[in-house]
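# A structural walkthrough
For reference, the chains in residue letters:
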Amino acid sequence: LSIITFLSDFGLNDWYTGCVKGVILSINQNIQIIDITHNISPFYIEQVAFIMFNYYDYYPEATVHLAVVDPGVGGERIPLIIRTEKYFFVGPNNGIFSYIIANENYSVYQVEIDKLKKYNPHFISNTFHARDIFGPAAALLTKGILPEELGHIYHQELMLNKTDISIKQDEILAKIVHIDRFGNIISNFSINNYRQMKNRKIKEISLKNILLDGLEKTYSNVRKGKFLALWGSHGFLEISINQGNAAKELKCLCNKDIIKIKLE
Amino acid sequence: LSIITFLSDFGLNDWYTGCVKGVILSINQNIQIIDITHNISPFYIEQVAFIMFNYYDYYPEATVHLAVVDPGVGGERIPLIIRTEKYFFVGPNNGIFSYIIANENYSVYQVEIDKLKKYNPHFISNTFHARDIFGPAAALLTKGILPEELGHIYHQELMLNKTDISIKQDEILAKIVHIDRFGNIISNFSINNYRQMKNRKIKEISLKNILLDGLEKTYSNVRKGKFLALWGSHGFLEISINQGNAAKELKCLCNKDIIKIKLE
Amino acid sequence: LSIITFLSDFGLNDWYTGCVKGVILSINQNIQIIDITHNISPFYIEQVAFIMFNYYDYYPEATVHLAVVDPGVGGERIPLIIRTEKYFFVGPNNGIFSYIIANENYSVYQVEIDKLKKYNPHFISNTFHARDIFGPAAALLTKGILPEELGHIYHQELMLNKTDISIKQDEILAKIVHIDRFGNIISNFSINNYRQMKNRKIKEISLKNILLDGLEKTYSNVRKGKFLALWGSHGFLEISINQGNAAKELKCLCNKDIIKIKLE
């Protein structure tokens, strides 16, 4: 079985994911479609990009990662296929692949409707490109159709939507890019960023009125109900409460509050 | 792999879908079960019927569409298998197949418990027919068991729950049958209805205090925040706000408010 | 295709289930992963244990049941593999398997990290054992790796989190262990418990201010809006309202209110 992962903002109440999956399986019935989430909030593209970064490379080689968060559907934004060493990515050029292209060698293709129609000659609507363009392109890739058969090399710059950490002498300013179900507050400061600052050590971490004097290894290293900072399973700096909800406690919001990390 | 699509009102917090899937896979392990939605609100059957209409024919031939929204479980309503040219449908006779049978040639079978038990000799509860009747029947169909082996031709009328549009001279009254995650307001007036009215043109469309003087091709044809009407990807007339939530803005409810379409 | 069922408290908005599935499919691409629910509330382990009891034995032989509700991740709790006659269970030793081990013959193994790493030599985080330990162990079991190759027999007592019914002469006190999407109030008093009390008959059932004088066969045996008691499809005593929401009506809470069953 081939694998397509599927992330979108379609929610779980309508028929939209059901349509896309039907189209995919009509092109290749031997695909396993793995839902990542369909509850994406479409208005904060950097968060979508961050989420994609956190699952893609756990999948087997040749997986096609389909991601459709597309507030500009029907407008001018370009449908893309990105090929990396191990994977394909299919979705709109609006910044959702920002973290991935910062991390991988890749080539990019613009999907051409005329070429796509040679393989899947259906009507293409103005408002549902997941069903009519992105889903079919993803399914065709699992059948060994090459991206150059579905489009052409895209030479322009890709849309980027990714804020890097800001470093001033002894202080790092990190952005909150995700708050998870458990209320863990996840920043864009990664352990890789940190490793590149050889010889520097973290002295304290602050967020709103919380001040933490170092990192823990796991939640249960502090008492129940206490705040801690740690490198999360995703490799990014995270502020949490052991068996509690840090984001709720601090009334913390994505893309707004800033985590300050002081270095020795 | 055979395909069963699965729609229900079981929600995502209990074990009910998990039971049904276990029973299906115990009968035939080579089935891919595709969840459409399990968040159906059971009290508005016409909406369920409308949702089913919007995904079924994107699936490959021989797909079995299982749909269990069944407030009358354990009562008198009949368990059905509907066979169309390309598909099977399995579920209760309470109107959920109304849009499909209006659109397809079909034959109908009433599932007989005694025949079903020949293939799947388990206890049948009074309260969970998705697990005990509908799921097993769907799974057996994927194994090539014929509907006549699981029941007999059903000669009575099927339950219908579908309001057609009302046409008076220059005005069409359409019903709101679905509001999607994005707040798009979807009516039961289809582009096919419209095409049958040769020589007539849409002059204006109104809903509550909103008056629109024609249809757009896609959301981004109007400015962000503006109302528009268009033929949605599903082929029905839809009222939306570009990058906004039309239903919330208008406090619009399914099955209550009426869209008026004036013809030239 | 092998089958892994997957229950967790990861929710449906983050990438966590997506990571676990990627890891599983990287070990064995021929697995069908069936989501039971990921909306478990982690703070009431007995309810998790009860939910697991209600789906596991509908699955085909050799299914691996993966369940990760793990508030103690990174702490001292032990990762387990439980083998019953037909199935494997993989998850933490915190009580989530309580109902299953009360019902099955089983042997238990403690997963050893060193042995696991022979087959899946990845970094193991302190905070995401579903991805790093439980998921890989489940996937390896589907490949025919034996539990003794992934760990050693665990000789200590398993954590138990299961309250049995209390029986005094003419009265049974049952606990509310689950409230489902429909508002059905589900107790821990099973039809098997009842059958063991030969010669006793249920006289009346009470919960808060509701008094019912016997059991019905199905919801529609009482008029719409009326309370009833019945043996639910799961085999436990359930209090419901025909086409209504009993839990909401009674403001009933899991693990708090008590159902009294009087015997003749």
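Provided above is the structure to which this section pertains.
Described below are features of the structure shown in this document. (Residues numbered from 1 in each chain as written. Chains lettered and ligands numbered in written order. Predicted model: local features only at pLDDT ≥ 70, side-chain atom pairs only at ≥ 80, totals over all residues. Heavy atoms only, no water.)

## Examining the overall build of chain A
To keep things clear, this is the line we draw: Helix numbers and strand numbers start at the N terminus; a helix is a DSSP run of H or I with at least 4 residues, a strand a run of E with at least 2. Radius of gyration: C-alpha atoms only; globule rule: 2.2 Å multiplied by the number of residues to the exponent 0.38. The buried label goes to any residue with under 20% of its type's maximum accessible area, the exposed label to any with over 50%, and the partly exposed label to all in between, with areas taken from a 1.4 Å probe on protein chains only. By the convention used here, residues are in contact when the closest approach between their heavy atoms is within 4.5 Å. Surface accessibility in these figures is a Shrake-Rupley result with a 1.4 Å probe; residues are shielded only by whichever protein chains are displayed. Here the positive residues are Lys and Arg and the negative ones are Asp and Glu; neither His nor the chain ends is included. Charge coordinates come from a single atom per side chain, which is NZ of Lys, CZ of Arg, CG of Asp or CD of Glu.
Within chain A, the regular secondary structure consists of eight helices and 15 strands. Against the globule reference of 18 Å for 264 residues, chain A gives a C-alpha radius of gyration of 20 Å, in line with a compact fold. Principal-axis analysis of the C-alpha atoms places the extent of chain A at approximately 60 × 40 × 35 Å. Put simply, chain A has 264 residues, and 61% of those count as buried. When contacts within chain A are restricted to residue pairs at least 6 apart in sequence, those whose partners lie at least 24 apart make up 68%. When the accessible surface of chain A is totalled, it reaches about 11,100 Å², and 46% of it is carbon and sulfur. Charge centroids of chain A, computed over 28 positive and 27 negative side chains, lie 6 Å from each other.

## Things to note about the pattern of salt bridges
All names here are of chain A. The condition that has to hold: Salt bridges are defined by distance alone: a side-chain nitrogen of Lys or Arg within 4 Å of a carboxyl oxygen of Asp or Glu.
Applying the stated criterion across every chain, the model contains 25 salt bridges over all chains. A salt bridge links Asp164 to Lys162, with the nearest nitrogen and oxygen atoms 2.7 Å apart. Judged by relative accessible area, Asp164 falls into the exposed class, the value being 55%.

## Concerning the relation of the copies chain C and chain B
Put simply, the test is: All copies are superposed by least squares; the fitting set is the C-alpha atoms of residues with a pLDDT of at least 70 in both.
It takes a turn of 120° to lay chain C on chain B, together with a shift of 0.0 Å along the axis; the resulting RMSD is 0.0 Å. Read as a symmetry element, the transformation amounts to a three-fold axis. In terms of proximity to the rotation axis, the leading residue of chain C is Gln32 of chain C, whose C-alpha is 4.6 Å off the axis. Counting the interface residues of chain C, we find that no more than 12% of their copies in chain B are interface residues as well, pointing to two distinct contact surfaces.

## Details of helix H2 (residues 45-53) of chain B
Along H2 of chain B, nine of the nine residues are buried, which leaves the element largely enclosed by surrounding structure. Among the residues of H2 of chain B, Ile45, Glu46, Gln47, Val48, Ala49, Phe50, Ile51, Met52 and Phe53 of chain B are the ones counted as buried.

## Here's the deal with the relation of the copies chain B and chain A
Relating the two copies of this chain is a rotation about some axis coupled with a shift parallel to it. Of the transformation placing chain B onto chain A, the axial shift is 0.0 Å and the rotation is 120°, giving an RMSD of 0.0 Å. Take the interface residues of chain B: only 12% of them recur as interface residues in chain A, which is what a contact between different surfaces looks like.

## Remarks on a positive patch on the surface
To keep it simple, the criterion reads: Patch construction takes residues with relative accessible area above 30% that form no salt bridge. Like charges are linked within 9 Å, and nonpolar side chains (Val, Leu, Ile, Met, Phe, Trp, Tyr) are linked within 5 Å.
On the surface, a cluster of positive charge is made up of Lys168, Lys203, Lys260 and Lys262 of chain A. Its relative accessible area of 49% is what places Lys168 of chain A among the partly exposed residues.

## A few points about the pairing of strand S13 (residues 227-231) of chain C
If a strand is regular, its side chains alternate between the two faces of the sheet. All names here are of chain C. How we decide: Two strands qualify as a pair provided that DSSP identifies no fewer than 2 bridges between them.
For S13, the tally of buried residues reaches five of five residues, placing the bulk of the element in the interior. Residues Phe227, Ala229 and Trp231 point to one face of S13 and Leu228 and Leu230 to the other, with burial holding for every one of them. Sheet topology places S13 next to strand S14 (residues 236-241); five bridges connect them, and they run antiparallel. Its bridge partner being in S14, Phe227 is matched across the sheet by Ile241. Counted along the chain from S13 to the antiparallel partner S14, the turn is four residues long, and its residue Gly235 has a positive phi close to 90°.

## With respect to the interface of chain B and chain A
As a reminder of what qualifies: Two parts lose some accessible area (1.4 Å probe) when they are put together, and adding that loss for both gives the buried area. By the criterion applied in these results, polar contacts are pairs of N or O atoms within 3.5 Å in which, for protein atoms, one can donate a hydrogen and the other can accept it, and in which residues neighboring in sequence qualify only through two side-chain atoms. Charged means Asp, Glu, Lys or Arg here, nonpolar means Ala, Val, Leu, Ile, Met, Phe, Trp, Tyr, Cys or Pro, and polar covers whatever is left, Gly included.
Listed by partner, the interface residues are 32 residues for chain B and 35 residues for chain A. A buried area of about 2,700 Å², summed over both sides, lies between chain B and chain A, and 55% of it is on carbon and sulfur atoms. For the chain B face of the interface with chain A, the top three residues by lost area are Tyr58, Arg181 and Ser233 of chain B, together amounting to 24%. Our enumeration of links across chain B and chain A arrives at zero salt bridges. There are 18 residue pairs in polar contact (both at pLDDT 80 or more) connecting chain B and chain A. Here the element with the most residues in the side of chain B that touches chain A is strand S2 (residues 31-37) of chain B; it accounts for five residues. Taken together, the residues that form the side of chain B that touches chain A break down as 16 nonpolar, 12 polar and four charged.

## Some points on the packing of helix H1 (residues 16-27) of chain A against helix H5 (residues 129-142) of chain A
Residues and elements named next belong to chain A. How we decide: What counts as an axis is a line fitted to C-alpha atoms, over the stretch in contact for a helix, and the angles between N-to-C directions run from 0 to 180 degrees. Note on terminology: angles under 35 degrees are roughly parallel, angles over 145 are roughly antiparallel, angles of 65 to 115 are roughly perpendicular, and the others are oblique. Here a crossing is taken to be left-handed if its near helix is turned anticlockwise relative to the far helix by less than a right angle, and right-handed if that turn runs clockwise.
One can describe the packing of H1 onto H5 by two numbers: an axis separation of 9 Å at closest approach and a directional angle of 40°. In terms of their interaxial angle, H1 and H5 are classed as oblique. Regarding H1 and H5, the two cross each other, and that crossing is right-handed. On H5, the residues that touch Cys19, Val20, Val23, Ile24 and Ile27 of H1 are Ala130, Arg131, Gly135, Pro136, Ala139 and Leu140. A per-class count over the contact of H1 with H5 returns nine nonpolar, one polar and one charged.

## A word on the sheet that holds strand S2 (residues 31-37) of chain A
All names here are of chain A. Taking strand neighbours across the sheet as the criterion, the seven strands line up as S2-S1-S3-S5-S4-S6-S7 in an open arrangement whose pairing is mixed. Looking at which strands have only one partner, the edges of the open sheet turn out to be S2 and strand S7 (151-153). Averaged over neighbouring strand pairs, the angle between their axes works out to 25° when direction is ignored. Here H5 sits on the sheet in contact with strand S1 (2-8), S2, strand S3 (64-68), strand S4 (79-84), strand S5 (88-92) and strand S6 (106-111), set at roughly 175° to S3.

## Concerning the pairing of strand S14 (residues 236-241) of chain B
All names here are of chain B. When you tally the buried positions in S14, you get six out of six residues, the bulk of the element. Because side chains alternate across S14, one face comprises the buried residues Phe236, Glu238 and Ser240, and the other comprises Leu237, Ile239 and Ile241, equally buried. In the sheet, strand S10 (residues 185-190) pairs with S14 via three bridges, with the strands oriented antiparallel. The residue bridging Ser190 from the neighbouring strand is Phe236, located in S14.

## Some thoughts on the sheet that holds strand S1 (residues 2-8) of chain C
Sheet architecture is open: seven strands sit in the order S2-S1-S3-S5-S4-S6-S7 (chain C), paired in mixed fashion. Single-partner strands in this sheet number two, and they are strand S2 (31-37) and strand S7 (151-153) of chain C. Adjacent strand axes in the sheet meet at a mean angle of 25° when their direction is disregarded. Two elements, strand S4 (residues 79-84) of chain C and strand S6 (residues 106-111) of chain C, share five bridges in a ladder whose sense is antiparallel. Within S6 of chain C, the position partnered with Leu80 of chain C by the bridge is Gln110 of chain C. Sheet contacts for helix H1 (residues 16-27) of chain B: S1 and S2 of chain C; angle to S2 of chain C, the most-contacted strand, approximately 150°. Along the sheet, helix H1 (residues 16-27) of chain C makes contact with S1, S2 and strand S3 (64-68) of chain C, crossing S2 of chain C at roughly 155°.

## Remarks on the packing of aromatic side chains
Residue and element names in this part refer to chain A. What counts here: Classification of ring pairs rests on two measures: the distance between centres of Phe, Tyr or Trp rings, Trp counted by its six-membered ring, which must be within 6.5 Å, and the angle between planes, read as stacked under 30 degrees, edge-to-face over 60 and tilted in between. Each ring is checked for a lysine NZ or an arginine CZ that lies within 6 Å of its centre and within 35 degrees of its normal; such an atom marks a charge sitting over the ring.
Counting across every chain of the model gives 55 aromatic pairs over all chains. Ring centres of Phe10 and Phe128 lie 5.7 Å apart, and the angle between their planes is 85°; on these two criteria the pair is classed as edge-to-face. Pair noted here: Phe10 is in the loop between S1 and H1 and Phe128 is in the loop between helix H4 (113-119) and H5, with a separation of 118 residues, a long-range link. There is no split in this pair, since Phe10 and Phe128 are both buried. Here the guanidinium or amino end of Lys162 rests over the ring plane of Tyr99, the centre of that ring lying 4.8 Å away.

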